[in-house]
Amino acid sequence: MTLITRFFLTVLLALLVVFSTGDWVKGYPRDVSEAQDGKPTATYGDAIALDAQPSPDRDLVIAYRRRYMSALSGHYRSLEEILENEAPFSEHTLTHIEALVSLAELMPDVFPPGTGMMSDDDWGAKPSIWEELDNFSQLIANFQANLEGLKLAAMESQTSVNLTDSFAEVREGCLDCHRLYRVRQP
Ligand code: HEC
């Protein structure tokens, strides 16, 4: 066999392996709607299977995820100061809301399988996230929808008073998820 034939055969074989394993480009469902249609996807199944094994990047992911949540919290608390305590920065309102909308889009990324609490952890993300991925994805989708609602309200309204209800829904979005899937630091 000439070198060139051998080269092509190797490439062909590699391509076959890659494509026959299916979901190689998919990973964790980025598109929340994908996990919502009730049909467990291949990634859904993988997520459960893989969760038994800690991810090799587990510590890095968890450290990042906590910073990410603090970033959400920073924007959320800034809004609280403006909308509920009347801090004189109402012109910043939309910036914080848009930051939250953008960050919320990334939320599915920060929960890859294998990054839940282990038996010797005192706090963190409950492993049930990856057993109830449909429900978890729905909570992310609700949170995103609540933020879109707040953004619309902010664009339509000139006064922060009118945003109180939409802001309360965003808060509920944080709490709904935390109640089910987060164990707080003691
Ligand atoms: C869909 C689920 C979900 C939503 C929505 C959500 N969180 Fe979280 N949050 C979690 C989970 C799970 C953890 C635990 C992560 C860990 O410790 O690995 C967490 C952790 C946190 C933490 C602790 C970070 C640390 O340093 O330990 C803060 C603060 C936080 N969230 C704030 C918020 C705020 C504010 C919102 C809404 C604006 C929000 N979260 C929305 C799931 C969510």
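Refer to the structure above for everything that follows.
These notes cover the structure that comes with them. Source: prediction; values computed, not measured. (Residues numbered from 1 in each chain as written. Predicted model: local features only at pLDDT ≥ 70, side-chain atom pairs only at ≥ 80, totals over all residues. Heavy atoms only, no water.)

### Topic: the packing of aromatic side chains
Put simply, the test is: Between 30 and 60 degrees the pair is tilted, below 30 it is stacked and above 60 it is edge-to-face, where a pair is any two Phe, Tyr or Trp rings, Trp via its six-membered ring, whose centres lie within 6.5 Å. In DSSP terms, a helix is any run of H or I states spanning at least four residues, a strand is any run of E spanning at least two, and both are numbered starting from the N terminus.
Throughout the structure, instances matching the rule amount to 3 aromatic pairs. Between tyrosine 76 and phenylalanine 167 the ring centres are 5.0 Å apart and the planes differ by 20 degrees, which places this aromatic pair in the stacked class. Of this pair, tyrosine 76 sits in helix 3 (residues 58-83) while phenylalanine 167 sits in helix 7 (residues 164-181), placing them 91 residues apart in sequence. A ring pair is formed by phenylalanine 111 and phenylalanine 136, whose centres lie 4.9 Å apart and whose planes are at 75 degrees; its orientation type is edge-to-face.

### A look at the coordination of the iron atom of the ligand
Cut-off, in case you're wondering: Counted as donors are the N, O and S atoms within 2.8 Å of the metal, or 3.2 Å for Na, K and Ca, while water is not among the atoms, so some sites may look incomplete. Under the classification used here, a metal with four donors is tetrahedral if each angle lies between 85 and 135 degrees, square planar if opposite donors are over 155 degrees apart and the others between 65 and 115, a six-donor metal meeting that same test is octahedral, and anything else is irregular. Note on exposure labels: buried denotes an accessible area under 20% of the residue type's maximum, exposed denotes more than 50%, and partly exposed covers the range between, all computed with a 1.4 Å probe on protein chains only.
The protein atoms that coordinate the iron atom of the ligand are Met69 (SD) and His178 (NE2), at distances of 2.1 to 2.5 Å. Here the iron atom of the ligand binds 6 donor atoms, and the angle range of 86 to 179 degrees at the metal identifies the geometry as octahedral. On the criterion of sequence distance, the pair formed by methionine 69 in helix 3 and histidine 178 in helix 7 is long-range, its members being 109 residues apart. Judged by relative accessible area, methionine 69 falls into the partly exposed class, the value being 25%. The exposure class assigned to histidine 178 is partly exposed, which follows from its relative accessible area of 27%.

### Comments concerning the nonpolar core
As a reminder of what qualifies: To qualify as a nonpolar core, a set must consist of buried Ala, Val, Leu, Ile, Met, Phe, Trp, Tyr and Cys residues joined through side-chain atoms within 4.5 Å. Contact definition: two residues touch when any of their heavy atoms are within 4.5 Å.
Met107, Phe111, Ile129 and Phe136 are the most contacted members of the largest nonpolar core, which totals 31 residues. Contributions of two or more residues to this core are made by helix 3, helix 4 (93-105), helix 5 (128-131), helix 6 (133-156) and helix 7. Broken down by element, this core gets its largest block of residues, 9 residues, from helix 6. Ignoring anything within four residues of it in the chain, the contact list for isoleucine 129 reads Phe111, Phe136 and Tyr181.

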